Amino acid sequence: MSRLTILPGLAAFFCSSALLLAAEIDRTKPPVTPPIPDVKLPAAEEFQLDNGLRVVVSRDPRFPLATIRLAFLAGSKYDPKDAPGLSGNVADLLNQGTTSRSASQIAIASADLGGQIAANSSEDVLTVAGSCLSENTAAFLGLLADVAQNASFPDDEVQLEKQNRLQILRGERAQADYLGREALSAALYGDHPYSHIGPTEESIAQLDKKSLENFRDTYLVPNNAYLILVGRLPSASEVKKIVAAQFGKWQKKDVPDYHPPAIPANHKQLLLVDRPGSVQANIFSAHLAPNYSSPDYFPLAVGNMILGGGANSRLFNDIREKRGFAYDAHSITHPLQETGSVSAVTEVRNEVVEPAMQALNGDLTAMSKENVSAVELSESKNSYAGRFILRLERQAAVADQLETIQTQNLPKDFLQMYTTHVRSVEPDQIRATGKYWDPDDATVVVVGDASKIEKSLEKYGSVQLVKPTR
């Protein structure tokens, strides 16, 4: 066996270099964070077909891939009032068969092209998403066009969707977090369609092929859609030719006017969702809040990082680290097309519900009473902007952001200006957005065993007892 021998002079060099390096590093201070870089993306090319389909093209030559989004203004807020969850059902079934292909044929065809097709529905948007090898872009767009335009909703797949969705719903309803979010949305949004986050057992039972086709024929039309293409793509003229060949014959239709009820103002309410046998309570404190278009959005988002955006946040360090009330405590921003919401969330033992509520309210109140510190502001800006920049390293994330710009009607330079907006946030702006955390007009939902925790909550308002619905 050979042995490595280090010459004496070389050993001395390594030792002296190590000592010098150790002397230069002051480990009592955190390393200096470099400036937040700007987001630099290639300019997106945009054009529109005669049938109204709007197309956005962003070139990324790094990888031989194409990422595609076909986004419709057809999210869950467009569900018929007596059929909550219909948009999600349509999304689940789009790739389960067309007039010319079965579900297995769609799966095989997409795999042969080096990709896959799936669909999902959010509150505002139904999106058909896919990716493929760049060389197969034209063929893949043809497959995606078939799925979007010609979904046949086979009877056996509809029945399977009903069975699966019912079991999923029952599993969700067994979780305290789902029960809390369900009650929170209903309380925040009132009669507005944002109030429902999923189907009911009744709407699943009533699901049929006709309702799926009606939704598709009403909302999945070219003049209600955005086609996003990101990746190593052909020339601009060739892209236009391919898109026109696959989508140009798609007939435009009038889309029904959308006139939702008004979204209610924030007002104090305290709901207790009874979950007998729970040994802990899930607490949600929420407000309606700005969407992306509001000047309050970035100050609120940066403030959210300080309040509950990670292990360095106030909620985490207070409720978990200092008091030991919970394993986790965090806050969330959720911008939507018409409004948005923010919520602070934690799960605590039944025995500490009252002091946990007091601690949570104190942390929320502080956001509007005092400026955040310079250290908190700097760290939150760097963390927030850094996460955003890292996400954009992925084609899928770029496609998702371009979809958001289109469907939320945001400025074309939204991504390029993102870190500039983050850098520009000042302490007084964050303090001003503290009103969106104020416990005095918060919607608070607690999920737990009412027989164990109701008395503890009465100190914080008039408790409205809620029994989970089916």
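These lines cover the structure that appears in this document, whether it is placed above or below. (Residues numbered from 1 in each chain as written. Predicted model: local features only at pLDDT ≥ 70, side-chain atom pairs only at ≥ 80, totals over all residues. Heavy atoms only, no water.)

**Quick notes on the sheet that holds strand S1 (residues 45-48)**
Sheet architecture is open: six strands sit in the order S1-S2-S6-S3-S5-S4, paired in mixed fashion. The two strands at the open ends of the sheet, each matched to only one other strand, are S1 and strand S4 (116-121). In this sheet, neighbouring strand axes are inclined to one another by 15° on average, regardless of whether the strands run parallel or antiparallel. Here six bridges tie strand S2 (residues 54-59) to strand S6 (residues 225-231), and the two strands are oriented parallel to one another. Directly across from Val56, in S6, lies its bridge partner Ile228. The sheet contacts of helix H2 (residues 86-93) involve S4 and strand S5 (126-133), and relative to S4 the element is tilted by about 175°. (Pairing = 2+ DSSP bridges. Helix = DSSP H or I, 4+ residues; strand = E, 2+ residues; numbered from the N terminus. Axes fitted to C-alpha atoms, helices over the stretch in contact; angles between N-to-C directions. Contact = heavy atoms within 4.5 Å.)

**Some remarks on the nonpolar core**
Among the nonpolar cores identified, the biggest contains 111 residues, and Leu70, Phe72, Leu94, Leu227, Leu229, Val243 and Phe247 are the most heavily contacted of them. Per-element tally for this core: the top contributor is helix H10 (residues 297-308), with eight residues. Not counting residues within four places of it along the chain, the set of residues in contact with Leu227 comprises Leu53, Arg54, Val55, Val56, Ile68, Arg69, Leu70, Leu141, Val243 and Phe247. If you look at the next biggest cluster of nonpolar residues, it comprises 18 residues, including Leu179, Ala187, Leu336 and Val466. (Core = buried A, V, L, I, M, F, W, Y, C linked by side-chain atoms within 4.5 Å. Buried < 20%, exposed > 50% of the residue type's maximum accessible area, 1.4 Å probe, protein only.)

**Thoughts on unusual backbone geometry**
The phi angle of most residues is negative, glycine excepted, and most peptide bonds adopt the trans form. Positive phi outside glycine occurs at Phe153, with the angle close to 45°. Here Phe153 shows up in the loop between helix H4 (137-150) and helix H5 (155-173). The class for Phe153 is buried, based on a relative accessible area of 0%. Positioned with a positive phi, Asn409 is a non-glycine residue whose angle comes to about 55°.

**Some points on the packing of helix H3 (residues 103-112) against H4**
Where H3 meets H4, the closest approach of the two axes is 10 Å, and the angle between their N-to-C directions is 155°. Taken as axis vectors, H3 and H4 run roughly antiparallel relative to one another. Here the hand of the crossing between H3 and H4 comes out left-handed. Only Phe140, Leu143 and Val147 of H4 make contact with H3, whose side of the interface consists of Ile106, Ala109 and Ser110. When its residues are assigned to classes, the contact of H3 with H4 shows five nonpolar, one polar and no charged. (Parallel < 35°, antiparallel > 145°, perpendicular 65-115°, else oblique. Left-handed = near helix turned anticlockwise from the far one by under 90°. Nonpolar A, V, L, I, M, F, W, Y, C, P; charged D, E, K, R; others polar.)

**Topic: the side chain of Lys77**
Note on placement: Lys77 falls in the loop between strand S3 (65-72) and H2. A residue is classified by how much of its surface remains accessible, and Lys77, at 3% relative accessible area, is buried. Within the structure, the side chain of Lys77 is placed 2.6 Å from the side chain of Gln337, a separation counted as a polar contact. In terms of polar contacts, Lys77 uses its side chain to reach the side chain of Glu338, at 2.9 Å. Residues within four places of Lys77 in sequence aside, it is in contact with Glu123, Asp124, Pro193, Tyr194, Tyr258, Gln337 and Glu338. (Polar contact = N/O pair within 3.5 Å; in protein donor to acceptor, adjacent residues only side chain to side chain.)

**With respect to helix H9 (residues 236-247)**
At 3.6 residues per turn, the α-helix brings residues three or four places apart onto the same side. In this model H9 runs 16 Å from its N-terminal to its C-terminal C-alpha over 12 residues, within 8% of the 16 Å that 1.5 Å per residue would give. The set of residues buried in H9 consists of Val239, Ile242, Val243 and Phe247. Summarising the axial view, the buried residues of H9 lie within an arc of 100°, below the 170-degree limit, and thus occupy one face. Seen from the buried face of H9, the exposed residues on the opposite side, beyond 90 degrees, are Ser237, Lys241 and Ala245. Contact partners of the buried residues in H9: S1, S2, S3, H4 and S6. (Expected span 1.5 Å × (residues − 1). Arc of directions from axis to C-beta.)

**Quick notes on the packing of aromatic side chains**
Evaluation of the coordinates by the stated rule reveals 14 aromatic pairs. Centroid distance Tyr189 to Tyr194: 5.5 Å. Interplanar angle 65°. Geometry classified as edge-to-face. Classification of Tyr189 as buried rests on a relative accessible area of 4%. The buried category is assigned to Tyr194, whose relative accessible area is 3%. By way of ring pairs, the aromatic residues Tyr292, Tyr297, Phe298, Tyr384, Phe388, Phe414 and Tyr418 are connected into one cluster. (Phe/Tyr/Trp six-rings, centres within 6.5 Å; stacked < 30°, edge-to-face > 60°.)

**Details of the pairing of S2**
Where S1 and S2 come together, four bridges link them in antiparallel fashion. Bridge pairing links Glu46 to Val56 in S2.

**Notes on the side chain of Ser134**
Tracing the sequence through the fold places Ser134 in the loop between S5 and H4. Taking the relative accessible area as the measure of exposure, Ser134 reaches 12% and is therefore buried. If we ignore the near neighbours within four places in the chain, the residues touching Ser134 are Phe63, Pro64, Leu65, Ala66 and Arg232.

**Notes on the sheet that holds strand S8 (residues 280-289)**
Through backbone hydrogen bonds, the strands of a sheet pair up, either in parallel or in antiparallel fashion. A sheet is described by the order of its strands in space; here six strands give the open sequence S9-S10-S8-S11-S7-S12, paired in mixed fashion. With partners counted over all chains shown, the strands left at the sheet margins are strand S9 (329-335) and strand S12 (463-466), one partner each. Here the average twist between neighbouring strands, direction ignored, is 20°. Relative to strand S11 (residues 443-448), strand S7 (residues 269-274) is paired through six bridges, and the arrangement is parallel. Bridging from a neighbouring strand, Val273 pairs with Val447 of S11. Where helix H17 (residues 450-457) meets the sheet, its contacts fall on S7, S8, S11 and S12, and the angle it forms with S7 comes to roughly 165°.

**With respect to the pattern of salt bridges**
Scanning the entire structure with this criterion turns up 19 salt bridges. Between Glu172 and Arg165 there is a salt bridge, with its nearest N and O atoms 3.6 Å apart. The closest approach of N and O atoms between Lys467 and Asp274, which form a salt bridge, is 2.8 Å. With a gap of 193 residues between them, Lys467 in the segment after S12 and Asp274 in strand S7 connect regions that are remote in the sequence. The exposure class assigned to Asp274 is buried, which follows from its relative accessible area of 11%. In the salt-bridge network here, residues are joined through shared partners; they are Asp60, Arg62 and Glu393. (Salt bridge = Lys/Arg side-chain N within 4 Å of Asp/Glu carboxyl O.)

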